[in-house]
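# Residue-level structure breakdown
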Amino acid sequence: MADEEFVEFAQASVGRLRDAAFLMCRDWHLAQDLTQTALAKMYANWGRVRRADDPYAYARKVLLRCVIDQQRRRSSTELAMSTPPDQGEEHPAELRMTLLDAVATLPLRDRAIIVLRYWDDLSVETTAEVVGVSTAVVKSQSMRSLSRLRDLLGDTRSELFAEERH
C-alpha cells in the first residue's frame, strides 16, 4: 500500500520537481539526477512523509537541499549551459532561453527563491519555509533579483517581471 502511494506521488511530482531542479542548476542531466536523489530520500522516509500535510512541499525542501549539496560539492562555480528538451511553445524558444540565461546569473539562493515564488507559484511564507529564511529575506531578495533580471533583460523583456507580488 505504501509503495503504491509513493509511486503515485512520484509519478505526479517528478515533472515539476525536475523542472524546478533545472531552473536552479541549468543542467538537464544533473536536474534529473537531483530529482531522482530527492525522490529516493523521500522513499526512504515515506512512512513519515506520507503523513505530512503536503508531501510535495516536503519534496521541494528535499530537492532544494540536494541542489545546495551538489553546488557545495562542485569545484567550479561555472554553470553548465545545456538546452532544455522541447516543452511546448508557451513562449517563443528564444525568449525562454534568454530568461533562463538571465536567471542563471543569480546566486543559488536567489535562483531558488525566484523558482519557488514564480515557477512553483508559492507564497512568500511557503518559500521562506522551504529555503529556510525569513519572509523579509524572500521579499527583499525577490525584489533585488527581479530588478537584476529587468536590468539584464532590458526594456524589451520587462513585461515578464512587471510587479513583485506580496
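Residues numbered from 1 in each chain as written. Predicted model: local features only at pLDDT ≥ 70, side-chain atom pairs only at ≥ 80, totals over all residues. Heavy atoms only, no water.

## Things to note about the nonpolar core
What counts, and what does not: The term nonpolar core refers to a set of buried residues drawn from Ala, Val, Leu, Ile, Met, Phe, Trp, Tyr and Cys, joined through side-chain atoms within 4.5 Å. Burial classes follow relative accessibility: with a 1.4 Å probe on protein chains only, a residue under 20% of its type's maximum area counts as buried, one over 50% as exposed, and anything between as partly exposed. By definition, any uninterrupted DSSP run of H or I lasting at least four residues is a helix, any uninterrupted run of E lasting at least two residues is a strand, and each is numbered from the N terminus. Between two residues, a contact is recorded if the distance between any of their heavy atoms is within 4.5 Å.
Membership of the largest hydrophobic core comes to 39 residues, with the highest contact counts inside it found for F6, F9, M24, L34, M42 and L63. Among the elements that line this core, the one with the most residues is helix α1 (residues 2-25), at 10 residues. Setting aside residues no more than four positions away along its own chain, L63 makes contact with L17, A20, A21, L34, T35 and A38.

## Comments concerning the packing of helix α7 (residues 124-131) against helix α8 (residues 135-153)
Here is the rule we go by: Working convention: axes come from line fits to C-alpha atoms, limited for helices to the stretch in contact. Angles between N-to-C directions cover 0 to 180 degrees. Note on angle classes: values under 35 degrees are labelled roughly parallel, values over 145 roughly antiparallel, values of 65 to 115 roughly perpendicular, and the remainder oblique. Residues were grouped as follows: Ala, Val, Leu, Ile, Met, Phe, Trp, Tyr, Cys and Pro as nonpolar; Asp, Glu, Lys and Arg as charged; and all remaining residues, including Gly, as polar.
For the pair α7 and α8, interaxial distance at closest approach is 8 Å and the crossing angle is 105°. Between α7 and α8, the angle falls in the class roughly perpendicular. Between α7, through V124, E125, T127 and A128, and α8, the contact on the second element is made entirely by T135, V138 and K139. Residues that form the contact of α7 with α8 fall into these classes: 3 nonpolar, 2 polar and 2 charged.

## Thoughts on the packing of aromatic side chains
Aromatic ring pairs are reported here in terms of the distance separating the ring centres and the angle at which the planes meet. Let me state the cut-off plainly: Only Phe, Tyr and Trp rings take part, Trp by its six-membered ring, and two of them pair if their centres are within 6.5 Å. Stacked means planes under 30 degrees apart, edge-to-face means over 60, and tilted covers everything else.
Per the stated rule, a full pass over the model turns up 5 aromatic pairs. Relative to F9, the ring of F6 has its centre 6.5 Å away and its plane inclined at 45°; by these criteria the two rings are tilted. With F6 and F9 both in helix α1 and 3 residues apart, the pair spans about one turn of that helix. For the pair shown, F6 and F9 are each scored as buried. Taken together, a centroid distance of 5.2 Å and an interplanar angle of 35° make the contact between F9 and W46 tilted. Here F9, found in helix α1, pairs with W46, found in helix α3 (residues 46-49); they are 37 residues apart in sequence, far enough to count as distant. Of the two residues examined, F9 and W46, each falls in the buried class.

## Some words on α8
Because an α-helix completes one turn every 3.6 residues, residues spaced three or four positions apart along the sequence face the same direction. As a reminder of what qualifies: Expected span, for any helix, means 1.5 Å times one less than how many residues it has. Arc definition: it is the arc formed by the directions from the helix axis to the C-beta atoms.
With 19 residues, α8 should cover 27 Å at 1.5 Å per step; its first-to-last C-alpha distance of 26 Å lies within 8% of that length. Those residues of α8 that sit buried are V138, Q141, S142, S145, L146, L149 and L153. Considered in projection along α8, the buried side chains sweep an arc of 135° and stay on one side of the axis. Summarising the geometry of α8, the exposed residues directed more than 90 degrees from the buried face are R144 and D151.

## Comments concerning the packing of α1 against helix α4 (residues 55-73)
Note the following rule: Put simply, a crossing is left-handed when the front helix is turned counterclockwise from the back one by less than a right angle, and right-handed when it is turned clockwise.
Running from N to C, α1 and α4 point in directions that differ by 35°, and their axes come no closer than 10 Å. Along this stretch, α1 crosses α4, giving a crossing that reads as right-handed. Across the interface between the two elements, F9, S13, R16, L17, A20, A21 and M24 from α1 touch P55, Y56, A59, R60, L63, L64 and V67 from α4. Classifying every residue of the contact of α1 with α4 by side-chain character gives 11 nonpolar, 1 polar and 2 charged.

## Description of the confidence of the model for the protein
Reading fine detail from the predicted coordinates is not recommended where pLDDT is low. To be explicit about the condition: Residue-level confidence of the predictor is summarised by pLDDT, bounded by 0 at the bottom and 100 at the top.
Residues of the protein with pLDDT of at least 70 account for 80%, and the chain-wide mean is 80. When the criterion is pLDDT under 50, residues 75-83 qualifies, and its contacts beyond four places in sequence or with other chains add up to 15 contacts. Low pLDDT (under 50) marks residues 85-91, which in the prediction has 8 contacts with non-local residues, meaning those over four places away or in another chain.

## Some thoughts on the pattern of salt bridges
Test applied: Salt bridge, as used here: a side-chain nitrogen of Lys or Arg that lies within 4 Å of a carboxyl oxygen of Asp or Glu.
Scanning the model with the defined rule gives 4 salt bridges in all. For R16, the salt bridge goes to D120, with nearest N and O atoms at 3.9 Å. Of the two residues, R16 sits in helix α1 while D120 sits in the loop between α6 (108-119) and α7, which places them 104 residues apart along the sequence. Between R26 and D101 there is a salt bridge, and its shortest N-O distance comes to 3.2 Å. Placement of the pair is R26 in the loop between α1 and α2 (28-44) and D101 in helix α5 (residues 93-104), with a sequence separation of 75 residues. For R26, a relative accessible area of 1% translates into the label buried.

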